[in-house]
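# A structural walkthrough
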Amino acid sequence: QKADVTTKAENKHEKRNDRIPQTKTDITHTPKDEAVSLDKDDAALEKFSKDRFLALSLNELKHIQAYYKDIDVIKARAAQNLPAMPTDVELEILAQTWSEHCKHKIFSARINYAGPDGTRVIDSLYKTYIKRATKEIQQERKLDWLISVFSDNAGIVRFDDNVDLCIKVETHNSPSALDPYGGALTGILGVNRDIMGCGLGARPIANTDVFCFAPPDLGPAEQLPAGPKSPRRILEGVHKGVEDGGNKSGIPTVNGAFFFDRDYAGKPLVFVGTVGVMPPVLPNGRPSAEKELSVGDRIFMVGGAIGADGIHGATFSSLELDDNAPATAVQIGDPLTQKRMMDFLLEARDLGLYSAITDNGAGGLSSSVGEMAQMSGGASLDLAKCPVKYPGLSPWELMVSESQERMTVAVPPATAAAFLDLARRRSVSATDIGVFDASGMLTVYYAGVLTGQLPLSFLHDSLPQMQLTAGWAAPKPRAEWSGGTKLNDARKKVPATVGEALQLLLARPNITSKEKWVRAYDHEVQAATHMKPFTGAKADGPSDAGVIWLQPHGGAADAGVAVGCGLAPRLSLHDPYIMAQSAVDEAVRNVVVSGGDPDMLCLLDNFCWPDSVASAKNPEGTYKLGQLVRTCEGLYDICKAYGAPLVSGKDSMKNDFRGKDGRGDEIAVSCLPTLMVTAMARVQMGSGVSSAFRDEGDIIYLLGRTTSSFAGSEYAAAFDIVEGAALQLDLAANLSLYRKLHGALKARLIKSAHDVSDGGLLAAVAESMIGGRLGATLDVSSEALELFGEAAGRFVISIAAADVAAFEAVFAGSTCGKIGAVTAEQVLHVAGENIPLLQLVASWQKGF
């Protein structure tokens, strides 16, 4: 009877589903590989690369041409029954491996640079500024907590003897412009996999996200680029994608930001990050940070099946966006399948069932197997063994598809049966598709037939270094290089009163409360989020950073970690050197004000840049590359000054749109040169405070420099004023101040603390009032520059009146000025005006 009831229920379910239209995938071609002729002239080669979305330059195509024309190569290929010409499998592997997205060619280029201090040759921005900064800091400070930097899927640090922390931030800009939900969903799931593929596998414990969009009300529609979704649609889709990816994976989203500017109308910037945790040593005694596979280890593909989604994702993301973008470039994500796969892999890790692991991210199997093959000296796989979503995919599509929820794992033959048995019991797909060998080759079969073979040396080490020219002497007007001049960017007249100006600023998208968006994220899952995105009397005041308690994740009882972010893209219009340092300083301020130790702090750099390779269609490429060089200089100098190592990073270098607007007219939009910096610092639990004012009678201080500027400020973006010059940062004074602030927090001398950022001093005070639902009386200048100007290195602090002497003693020698007091009356008294708190709350909560 029980079986009969079940059968009836199943039949009823089937009949109900019969009424739902089912989407069917029709793959019209049969699986096959083919030789591809490169016997073409220069124009035909360039057209071939564009039509096939290879993202290979003419120089790179000629390099491939020369390889396949080599007599020894022809003979060796003939002996393997391979054609003299490349197969489509080989060509696609090369295109993926050599894509800007994967190879970071601009950051590795040899650059002839002319700057304010003369000319010089830079042999790799990455080696000269980023990697070098970390290496020098590690040596000078003798840091023993840097476990792995720039050599794995994520940076690994040890802020606690019991656990290692991994952190990575990625971008998913191009796919999010085409399919906001799918692009962002696969972005967050992909960076979760980066953490799972770090070392021998880490468990994600926190997510972050930072979005740079065109304003939601930017328009009219006919003036916007045709192809990408509207700014409002991108905002809604991206947010929902990150929400579903994090919530359904059971990972709390603890920190993030929104930034709006018209020049993100061509491509949005979607930064997604994850923090992970793993034990320093696994149960079998093996260090968890070390990957080490052996010749003979089996290649297992674990997780979801391969589909047509995500084909050409890596190469597509290495191109400017236009109206010919391939629909297949965006993957289709499944958070629940990924969660089950990750839980299985963590269990297999602790049982010692595999020797190495990495994610199937950009480039799919081509990337994961191709990179892991370097550890043994070769690999051979048969694509016909791979699980697929539907039949009909060609070998090259199977090789480069970025369909989600997949990892590549090296499994010793002795543990392969146990690995498969555990996968079966956990309902996870795990398939043996090949072997790691010492052949020196990446060898690809389909159903036993050889379809491609590439020497690892040619694949990974032969790519010609780009030779580029860069120059930056002084800022150029935005209209000369960004292209977004057709987009509306109207500014208002300067308001008549301070109160009116403050309320207008609080309602602007870059300052207004994001609560209705952020509340959709689960902050509480895993039960370790100590400092959440909102704080204060009604839990609606802004927090500066997220803080995760580490004890629930295996750490010490008093150990936590603060995660914050910083970016200042509008300062790129003034001086990219100052922009970079302002981004770093904001990220550092956010974690320090939340209890983070400035001397146990690491950074991640994420560059999102417009096309910086000069060409006939991009004559300002030299200037844009000069902006990039200047940014790297600023980043190097502040990292060295703060002693803050960079442990991971990523760059996205083609954030432009070239095509038509809604009226059919030509339009080109380049994003603002953007460096987004993430900071992670150790926290002694209990030392952090919120941004909300606490009690009537508390004394309000401004810590940090007294001068400010309108350059790149929200006030200048809102109102019709002359911005003036950007301010250089006083790095030594800032670091000294941050150390003192950290000491004062540990000594419990501070009751509230909030960094001063967008909107300047008065916006920060207003946010602290909103959090505490208290008023304030300020004794400050009535000059707009003092009230609304912006500068790095500043905080609004409140302390108990009884602690004034002790507090001022701590900050002796630093800029520390008493500016007012907290009041029970819910009014802001400033510059002779009385501004009701209710009006500030209404403006700040206006939202978008």
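Being a predicted model, the structure only gives us computed values, none of them experimental. (Residues numbered from 1 in each chain as written. Predicted model: local features only at pLDDT ≥ 70, side-chain atom pairs only at ≥ 80, totals over all residues. Heavy atoms only, no water.)

Enumeration over the complete set of coordinates arrives at 26 aromatic pairs. Seen from their ring centres, Y67 and F458 are 4.0 Å apart, and the 15° between their planes marks the pair as stacked. With Y67 in helix 3 (residues 58-69) and F458 in helix 16 (residues 456-461), the pair connects residues that are 391 residues apart, well separated along the chain. Pair check on accessibility: Y67 and F458 agree, each one buried. Taken together, a centroid distance of 5.2 Å and an interplanar angle of 10° make the contact between Y715 and F788 stacked. (Phe/Tyr/Trp six-rings, centres within 6.5 Å; stacked < 30°, edge-to-face > 60°. Helix = DSSP H or I, 4+ residues; strand = E, 2+ residues; numbered from the N terminus. Buried < 20%, exposed > 50% of the residue type's maximum accessible area, 1.4 Å probe, protein only.)

As a further point, take the pattern of salt bridges. A full pass over the atoms with the stated rule returns 46 salt bridges. Linking E60 and K105 is a salt bridge whose minimum nitrogen-to-oxygen distance equals 2.9 Å. Remark: K105 occurs in the loop between helix 6 (100-103) and strand 1 (110-115) and E60 occurs in helix 3; sequence separation between them is 45 residues. Look at K105 and you get buried, because its relative accessible area is 8%. (Salt bridge = Lys/Arg side-chain N within 4 Å of Asp/Glu carboxyl O.)

If you trace the backbone, S124 turns up in the loop between strand 2 (118-123) and helix 7 (125-141). If we skip the residues at most four places from it in the chain, S124 touches F107, S108 and A109. (Contact = heavy atoms within 4.5 Å.)

A few words now on the packing of helix 20 (residues 576-592) against helix 23 (residues 731-746). Packed helix pairs are specified by the crossing angle of their axes together with the interaxial distance, meaning the distance between the axes. Two elements in contact, helix 20 and helix 23, have axes separated by 11 Å at closest approach and are oriented at 10°. What the angle tells us is that helix 20 and helix 23 run roughly parallel. Contacts between helix 20 and helix 23 involve Q581, D585, V588, R589 and V592 from the first element and L731, N734, Y738, L741 and L745 from the second. Its residues assigned to classes, the contact of helix 20 with helix 23 shows 6 nonpolar, 2 polar and 2 charged. (Axes fitted to C-alpha atoms, helices over the stretch in contact; angles between N-to-C directions. Parallel < 35°, antiparallel > 145°, perpendicular 65-115°, else oblique. Nonpolar A, V, L, I, M, F, W, Y, C, P; charged D, E, K, R; others polar.)

Spatially, 3 strands are ordered 2-1-16 in an open sheet, and the strand pairing comes out mixed. Looking at which strands have only one partner, the edges of the open sheet turn out to be strand 2 and strand 16 (467-471). Looking at each pair of strands side by side, their axes are set apart by 15° on average, direction ignored. As paired strands, strand 1 and strand 2 are joined by 6 bridges and run antiparallel to one another. Each residue of the ladder has a partner; that of Y113, found in strand 2, is R120. Most of the contacts of helix 21 (residues 621-642) go to strand 16, to which it runs at about 80°, and overall it touches strand 1, strand 2 and strand 16. (Pairing = 2+ DSSP bridges.)

Before going further, it helps to spend a moment on the sheet that holds strand 12 (residues 406-411). Strand order in the open sheet made by the 7 strands is 10-12-9-13-11-14-15, with mixed pairing throughout. Since the sheet does not close on itself, it has two edges, and those belong to strand 10 (356-359) and strand 15 (449-455), each with one partner. Across the sheet, the mean angle from the axis of one strand to that of its neighbour is 25°, orientation sign disregarded. With 5 bridges joining them, strand 9 (residues 298-303) and strand 13 (residues 430-436) adopt antiparallel strand pairing. The partner of F300 across the bridge, within strand 13, is D432. Helix 5 (residues 88-97) contacts strand 14 (441-446) and strand 15 of the sheet and is inclined by roughly 35° relative to strand 15.

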